[in-house]
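Residue-level structural notes
Residues per chain are reported as follows:
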Amino acid sequence: MSDVDRRTFLGVTASAAAAMFVKPALVRGTRANSAIRVGLLGCGGRGTEDATNLLDTGGARVVALADLFPDQLDAAHATFDKLLQAKGYPALDAKQVFVGPHAYEQIAASREVDAIVIATPPYFHPQHLEAVVAAGKHVYLEKPVAVDVPGAKRVIEIAKRAQGKLSLDVGFQIRDCPPFVELVRRIHDGALGDLVCGEAYYLTGYIDRPPWPTASPAERRLRNWVHDRVLSGDIIVEQNIHVIDICNWVLQAHPLKVSATGGRQGRPADDGDCYGNYNAVFHYPGNVDVTFSSTQFAKGWWDVSERFFGTKGTAISPYTGPLGIWGDQPWQAPLVAQPPGQAAAFSVTGNFTSNLQYADPEKKKAFIESINSGSFHNQADKGAESALSCVMARTAAYTGREVTWDELMKSTEVWDAGLNLDKLR
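This section reports on the structure supplied with the text. (Residues numbered from 1 in each chain as written. Predicted model: local features only at pLDDT ≥ 70, side-chain atom pairs only at ≥ 80, totals over all residues. Heavy atoms only, no water.)

1. With respect to the nonpolar core
The condition is simple: Buried residues of nine kinds, namely Ala, Val, Leu, Ile, Met, Phe, Trp, Tyr and Cys, make up a nonpolar core once their side-chain atoms join them within 4.5 Å. For each residue, the accessible area found with a 1.4 Å probe, counting protein chains only, is set against the maximum for its type, and the residue is called buried under 20%, exposed over 50%, and partly exposed in between. In this description a helix means any DSSP run of H or I spanning at least four residues, a strand means any run of E spanning at least two, and both kinds are numbered starting from the N terminus. Contacts: residue pairs with any heavy atoms within 4.5 Å of one another.
Ranked by internal contacts, the top residues of the largest apolar core, which has 85 residues, are L129, F282 and F292. If you tally residues by element for this core, the top one is helix α15 (residues 380-399), at ten residues. In this view, L129 contacts I118, V139, L141, V155, I158 and L168; residues no more than four positions away in its chain are not counted. Membership of the second largest hydrophobic core comes to 24 residues, among which are A35, A60, A76 and L84.

Below you can see the structure in the form of structure tokens.
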């Protein structure tokens, strides 16, 4: 074989070998074509943040939008056109922008979409998830997965159809946040010894919403769904669920029973029907009790954290401030300062910093990698477990009595918003 022929042969062989190890998604060609094509269903603040985080991974581009309201859709359209242009991607195709009560079906049916972010009001999550999974799309489902027991069970059943075929992530980004991941790993490895008890709290300010004076009552409910207990699940299911999910994660179990109180004190009288505070005691296996408290009206202050006490030490995991383990096996994560002026908007925008600064980027990166690698996620069970844990506490507070997990799981009560989306005016 001549030197020229030898070099040609080796070059071809090397190219063929390299092709065998290229990710399948990259074989499509250009960077735009190789990126996971993402659709956003629900173009509010959190949904826009989720889709932006996916775009920022470098492995995804936003190609479709869907929302009930034209103004929300227009705002998101303008935002993503700018973001896509800055990254060298094509602008959104007007044919991939869907509006109205059937927009969720249209975006699910789009052949231009590989994965869909569901960031609609929680009441609609089971219905929208069913459409997306039936269409064969990967899905990033914002928390909570449902607002009632039948809804949570429905999500679990839908997820069974996706198992091994699609990635189904649930929006508990803290489970991918490096300092929290390391903390929980150490707890599971015995750094606290035998866990004895814990406490958790989500103390934050009021979520102000526009009055929408020209909107019908039905439209106003939907636009301000965070104030509506049926559409949101109430604050313990919609917002406080993050800390309850961390408790379940740390304790590797769901609570067996709960007693709770709560009320609307401190909230404006005309802002809907959600509670403004909860206080609860969750009883976990192994006689581990966790006290919990929350507010959503406090002025000038917010704080979110979990603390666990064991025979060998104490773990503290706040959103901002010292995070780590103190005791026989001490460990603390590097302290990251909270930027000035962030506190007031911290829990509303979803644009987290301090101890949570890598939570969203890592979560979204893991989602994209699961699709490209074929190692599909299915987080519905844990998402449903945490939603049900919060529904149990909500039920205890509403009824004024202790509620057990076994009793909760027998519930057939379906929450009905009483809305006709085709007739909002």
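Having seen the model, we can carry on.
2. Points about empty space enclosed by the protein
Which entries qualify depends on this criterion: Put simply, the grid is 1 Å and covers the protein atoms alone, a cavity is a trapped set of points that fit a 1.4 Å probe, a pocket is an open set with protein on both sides within 12 Å along at least five of seven lines, and lining residues have an atom within 4 Å of a point. Grid points are joined across faces, edges and corners, and a volume is the space filled by probe spheres set on the points. For this classification, the nonpolar set comprises Ala, Val, Leu, Ile, Met, Phe, Trp, Tyr, Cys and Pro, the charged set comprises Asp, Glu, Lys and Arg, and every other residue, Gly included, is treated as polar.
Taken as a whole, this structure holds one cavity of 30 Å³ or more when the rule is applied. Reported here for the largest cavity is a volume of approximately 40 Å³. Among the elements of the structure, α8 (178-188), α12 (241-251), β11 (303-310) and β12 (313-316) are those that each provide at least two residues to the lining of the largest cavity. Tallied by class, residues from the lining of the largest cavity come to nine nonpolar, one polar and one charged.

3. Here's the deal with the pairing of strand β5 (residues 138-141)
Short version of the rule: Two strands pair under a simple rule: DSSP has to find at least two bridges between them. The definition of a right-handed crossover adopted here requires that, viewed with the strands pointing away, the path from the first strand over the helix to the second runs clockwise.
Burial along β5 is two-sided: H138 and Y140 and V139 and L141, pointing in opposite directions, are all buried. Pairing analysis gives four bridges linking strand β4 (residues 115-118) to β5, with the strands arranged parallel. Counterpart to V117 in the pairing with β5 is Y140. In terms of handedness, the path from β4 via helix α6 (residues 125-134) over to β5 forms a crossover that is right-handed. Strand direction decides the pairing type here: β5 and strand β6 (residues 168-170), joined by three bridges, are parallel. Following the sheet pairing, L141 is matched in β6 by V170. Following the chain from β5 across helix α7 (residues 149-162) to the adjacent parallel β6, one finds a crossover that is right-handed.

4. Some words on the packing of aromatic side chains
Stated precisely, the cut-off is as follows: Two rings belonging to Phe, Tyr or Trp (six-membered ring only in the last case) form a pair when the distance between their centres is within 6.5 Å. Interplanar angles under 30 degrees mark stacking, angles over 60 mark edge-to-face geometry, and anything in between is tilted. Only when the NZ atom of a Lys or the CZ atom of an Arg is both within 6 Å of the ring centre and within 35 degrees of the ring normal do we say a charge sits over the ring.
With the rule as written, the count across this model stands at six aromatic pairs. Judged by centre distance (6.2 Å) and plane angle (70°), the ring pair of F282 and F292 falls under edge-to-face. In this pair, F282 is assigned in strand β9 (residues 277-284) and F292 in strand β10 (residues 288-296), connecting sequence segments ten residues apart. For the pair F282 and F292, a shared accessibility class is recorded, and that class is buried. Geometry around F69 places R223 over its ring, the cationic atom sitting 4.0 Å from the centre. One Lys or Arg, R223, reaches over the ring of W212 and ends 4.2 Å from the middle of that ring.

5. Points about the sheet that holds strand β13 (residues 324-327)
As a reminder of what qualifies: Note on geometry: axes are C-alpha line fits, over the in-contact stretch for helices, and angles between N-to-C directions span 0 to 180 degrees.
If you walk across this open sheet you meet the nine strands as β14-β13-β12-β11-β7-β10-β9-β8-β15, and the pairing is mixed. Each edge of the open sheet is held by one strand with a lone partner, namely β14 (331-332) and β15 (403-404). Two strands pair when backbone bridges link them, and strand β8 (residues 257-263) and β9 are joined in this way by seven bridges, in the antiparallel orientation. Residue pairing for β9: K257 is matched across the bridge by H283. Most of the contacts of α15 go to β8, to which it runs at about 60°, and overall it touches β8, β9 and β15.

6. Remarks on the sheet that holds β6
Reading across the sheet, the six strands line up as β3-β2-β1-β4-β5-β6 and stay open at both edges, with parallel pairing between neighbours. At either end of the open sheet lies a strand with only one pairing partner, and these are β3 (97-99) and β6. Averaged over all adjacent pairs, the angle separating strand axes in this sheet is 20°, with direction ignored. Looking at chain direction, strand β2 (residues 60-67) and β3 are connected through three bridges and run parallel. Its bridge partner lying in β3, L65 is registered against V97. Its contacts with the sheet place helix α3 (residues 45-56) against β1 (36-41), β2, β4 and β5, and it is angled at close to 160° to β2. Helix-sheet contacts for α6 involve β1, β4, β5 and β6, and the interaxial angle to β5 is about 165°.

7. Observations regarding the layout of surface pockets
Empty space within the second largest pocket amounts to approximately 270 Å³. Forming the walls of the second largest pocket are 16 residues, and the residues nearest its centre are N224, H227, D270, D271 and G272. Here the residues of the lining of the second largest pocket are counted per class, giving five nonpolar, three polar and eight charged.

8. Describing the side chain of N248
Defined as follows: A 3.5 Å cut-off defines polar contacts: any pair of N or O atoms within that distance qualifies, except that in protein one atom must be a possible hydrogen donor and the other a possible acceptor, and neighbouring residues in sequence count only when both atoms are side-chain atoms.
Mapped onto the elements of the fold, N248 is located in helix α12. According to the relative accessible area criterion, N248 is buried, its value standing at 3%. There is a polar contact of 3.2 Å between the side chain of N248 and the side chain of S389. Ignoring any residue separated from it by four or fewer positions in sequence, one finds N248 in contact with A253, H254, P255, Y284, E385, S386 and S389.

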